[in-house]
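Here's the letter readout for the chains.
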Amino acid sequence: MKEPTTTEIEIETSAVTTMLPPPLTGSPHQALVERLKDYGQEGVFALWDELSPEERDHLLRDIENLDLPRIDRIIRCSLHSQGLPVAAIEPVPENCVSTVDERTKEDREKWWRMGLKAIYEGKLGVVLLSGGQGTRLGSSDPKGCYNIGLPSGKSLFQIQAERILCVQRLAAQAMSEGSTRPVTIQWYIMTSPFTHEPTQKFFESHKYFGLEPEQVTFFQQGTLPCISKDGKFIMETPFSLAKAPDGNGGVYAALKSSRLLEDMASRGIKYVDCYGVDNVLVRVADPTFLGYFIDKGAASAAKVVRKAYPQEKVGVFVRRGKGGPLTVVEYTELDQSMASATNQQTGRLQFCWSNVCLHMFTLEFLNQVVNGLEKDSVYHLAEKKIPSINGFTEGLKLEQFIFDCFPYAPSTALFEVLREEEFAPVKNANGSNFDTPDSARLLVLRLHTRWVVAAGGFLTHSVPLYATGVEVSPLCSYTGENLEAICRGRTFHAPCEISL
Ligand code: UTP
């Protein structure tokens, strides 16, 4: 330990006389200041003299818990990689995509049966990405607890849990030939320090929405300090760093550190469905997608929707470099001419396959990717408003994305789905122009109304039809099947929920 300097002794004396907190001399603080200097981050102690003993303790713990060499490497590599040339991109080859148009009824039925069989055999695990802070939505609860105003008042978590219950029942009915062997799908729910406790409590207080508590596993992703554009840590308060979850790609490191890939293997899981919490139409554990994935023999797959218009702000799948792997690029990486380039024969956009965070992986591939990505120190830099001592300030969050795995995949298959059937995102608060709870609710009501009418039901309504409709409980039907017995010849007064 270094001897105290004269200046420090003076500070110590004056601290006693003015009743300031205890001295700094020879303290862990001093050692940390020296360590932080190595990384140019000693500014975090700028307000040390004004802190109470408790606040000092808090700050010291905050810093001690950081893996400074790793974080420094990530910051330097991520800032450095900005603007570096990247391999040219090409459209996804047609043979990598299963389009809605080319799928036959036989294909769909075959994949549905294959998927149900694998689920019956316990080969599917489901990972939910639910660690985001949902800042745009502005709710203080985790997004999954949000009630988007459907007639049932169900939260996103409840809707998803009930879809799992439905698939379990469908698999049991299809495969068990009269016996009643129960089918269980393991659900791994990733949270972050911001969402962990309230998520767990929500599930407990709702009795896991009818699932067995043992089939639900919560695990936490990591956080990283938020930084200014020149790479300095931002202070949220004088005694704590501003931190944020390390992106939904933090799932790979979190699966590894919580040893959940071993847990999956020990249960016989071979395929992993992975999706984001904020899509109300998500087909969790979709047997058709699983069957397609198994049939195709790919290491990874993604459901994609067609880009709605050339300048739509969505990430799209591309091929990186001549014959390179499929990967996702942000809309900012596609210049105007590429975004609007069309295929001469079909007239359709060349870069049209939007990523909507619905993925399937083999467990084998996940094992490879958690090790590969761990060594990758280039993170995405997301410009966000960061809470700081001086109010909200422009800063950067360091994030990995779930789709960062694709360049590592030996093979990736894309599976087109219809937006109006499988994609109802909840991103922004009501009052915004798109992707709000209101817009998502309408998408659900429209789809379910179509199901009910197709099954022979009728609707009356007290408000114009475009603003209302019926909601079908996931406990009744997964994709509109088995509704005739409930709906044929019956009239429903919208808005209402049709349940068992
Ligand atoms: P978004 O990127 O839309 O972020 O997440 P968000 O946190 O929900 O919302 P904003 O940007 O703060 O407004 C897409 C999916 O990825 C998950 C989210 O929970 C959502 O399911 N996610 C995001 C994580 O699990 N961890 C993260 O660090 C970020």
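Structure: above.
Residues numbered from 1 in each chain as written. Predicted model: local features only at pLDDT ≥ 70, side-chain atom pairs only at ≥ 80, totals over all residues. Heavy atoms only, no water.

Draft legend 1. Main features of the overall build of the chain. Each helix and strand in the chain was counted, giving 15 helices and 21 strands. Since a compact globule built from 500 residues should have a radius of gyration of about 23 Å, the 26 Å found for the chain is in line with a globular shape. Across its three principal directions, the C-alpha atoms of the chain cover 90 × 55 × 50 Å. Counting only residues that meet the buried cut, the chain has 50% of its 500 residues in that class. Total accessible area on the chain is roughly 23,400 Å²; 52% of this is exposed by carbon and sulfur atoms. Taken as two groups, the 51 positive and 61 negative side-chain charges of the chain have centres that lie 7 Å from each other. (Helix = DSSP H or I, 4+ residues; strand = E, 2+ residues; numbered from the N terminus. Rg over C-alpha atoms; globule rule 2.2 N^0.38 Å. Buried < 20%, exposed > 50% of the residue type's maximum accessible area, 1.4 Å probe, protein only. Areas by Shrake-Rupley, 256 points an atom, 1.4 Å probe, with all protein chains shown as cover. Lys, Arg positive; Asp, Glu negative; His and termini not counted. Charge placed at Lys NZ, Arg CZ, Asp CG, Glu CD.)

Draft legend 2. A look at the side chain of Asn-428. Here Asn-428 lies in the loop between α13 (419-422) and α14 (437-454). Here the side chain of Asn-428 touches Phe-434 through a polar contact of 2.9 Å, landing on its backbone oxygen. Look past the residues within four positions of Asn-428 in its chain and what remains in contact with it is Arg-136, Leu-137, Phe-434, Asp-435, Thr-436 and Pro-437. (Polar contact = N/O pair within 3.5 Å; in protein donor to acceptor, adjacent residues only side chain to side chain. Contact = heavy atoms within 4.5 Å.)

Draft legend 3. Just the packing of aromatic side chains, in detail. Taken as a whole and judged by the stated rule, the model has 18 aromatic pairs. Geometrically, the ring pair formed by Phe-361 and Phe-365 is tilted, given 6.1 Å between the ring centres and 45 degrees between the ring planes. Comparing Phe-361 with Phe-365 shows no difference in burial state: the two are buried. Measuring from ring centre to ring centre gives 6.2 Å for Phe-361 and Phe-406, while their planes differ by 45 degrees; the resulting arrangement is tilted. One end of the pair, Phe-361, is in strand β14 (residues 353-362); the other, Phe-406, is in the loop between β16 (391-399) and β17 (412-416), and 45 residues separate them in sequence. Exposure remark for Phe-361: the relative accessible area of 1% places this residue in the buried category. One residue, Arg-103, lies across the ring of Phe-415, its end atom 3.7 Å from the ring centre. Here the basic side chain of Arg-181 rests over the ring of Tyr-120, its NZ or CZ set 4.0 Å away from the ring centre. (Phe/Tyr/Trp six-rings, centres within 6.5 Å; stacked < 30°, edge-to-face > 60°. Lys NZ or Arg CZ within 6 Å of the ring centre and 35° of its normal.)

Draft legend 4. Just the nonpolar core, in detail. If you look at the biggest cluster of nonpolar residues, it comprises 50 residues, and the most contacted ones within it are Trp-187 and Phe-203. Ranked by residue count, the leading element in this core is helix α6 (residues 156-175), at nine residues. Beyond its immediate chain neighbours, meaning those up to four positions away, Trp-187 contacts Val-126, Leu-128, Phe-157, Gln-160, Ala-161, Ile-164, Phe-203, Leu-211, Gln-215, Val-216, Thr-217 and Tyr-275. The next biggest cluster of nonpolar side chains, apart from the first, holds 42 residues, and it includes Ile-269, Leu-326, Phe-361 and Phe-401. (Core = buried A, V, L, I, M, F, W, Y, C linked by side-chain atoms within 4.5 Å.)

Draft legend 5. How the structure looks around the site of the ligand. The local shell around the ligand holds 19 residues, among which Gly-131, Thr-135, Arg-136, Gln-221 and Lys-427 are the closest. Residue Gly-132 places a main-chain N or O atom 3.1 Å away from an oxygen atom belonging to the ligand. Here an oxygen atom of the ligand sits 2.9 Å away from a polar atom, N or O, in the main chain of Val-277. Coverage of the ligand by the protein chains reaches 88% of its 560 Å² of free accessible surface. (Near = heavy atom within 4 Å.)

Draft legend 6. Region of interest: helix α5 (residues 105-120). If you check α5, its first and last C-alpha atoms are 22 Å apart, about what 16 residues at 1.5 Å a residue would give, namely 22 Å. Looking one or two places after α5, you find Gly-122, whose phi comes out positive at around 75 degrees. (Expected span 1.5 Å × (residues − 1).)

Draft legend 7. Expanded view of the pattern of salt bridges. This structure, assessed with the given rule, holds 26 salt bridges. The closest approach of N and O atoms between Arg-306 and Glu-416, which form a salt bridge, is 3.5 Å. Of this pair, Arg-306 sits in strand β11 (residues 300-306) while Glu-416 sits in strand β17, and the two are 110 residues apart along the sequence. Measuring nitrogen to oxygen at the nearest pair gives 2.6 Å for the salt bridge that ties Glu-394 to Lys-385. Overall, the relative accessible area of 44% leaves Glu-394 in the partly exposed class. (Salt bridge = Lys/Arg side-chain N within 4 Å of Asp/Glu carboxyl O.)

Draft legend 8. Up close: helix α4 (residues 68-81). With 14 residues, α4 should reach 20 Å at 1.5 Å per residue; the first-to-last C-alpha distance of 20 Å fits that figure. Taken as a whole, α4 has its buried residues at Leu-68, Ile-71, Asp-72, Ile-74, Ile-75 and Ser-78. Along the axis of α4, the buried positions cluster into a sector of 160 degrees, meaning they face one direction only. Where the residues of α4 are buried, they touch α2 (28-38), β6 (223-225), β15 (380-388) and β16. Positive phi appears at Gly-83, one or two residues downstream of α4, with a value of about 80 degrees. (Arc of directions from axis to C-beta.)

Draft legend 9. Layout of the packing of helix α8 (residues 250-257) against helix α12 (residues 363-374). For the pair α8 and α12, interaxial distance at closest approach is 9 Å and the crossing angle is 110 degrees. In terms of orientation, α8 lies roughly perpendicular with respect to α12. Between α8, through Tyr-252, Leu-255 and Lys-256, and α12, the contact on the second element is made entirely by Leu-366, Val-369, Val-370, Asn-371, Leu-373 and Glu-374. (Axes fitted to C-alpha atoms, helices over the stretch in contact; angles between N-to-C directions. Parallel < 35°, antiparallel > 145°, perpendicular 65-115°, else oblique.)

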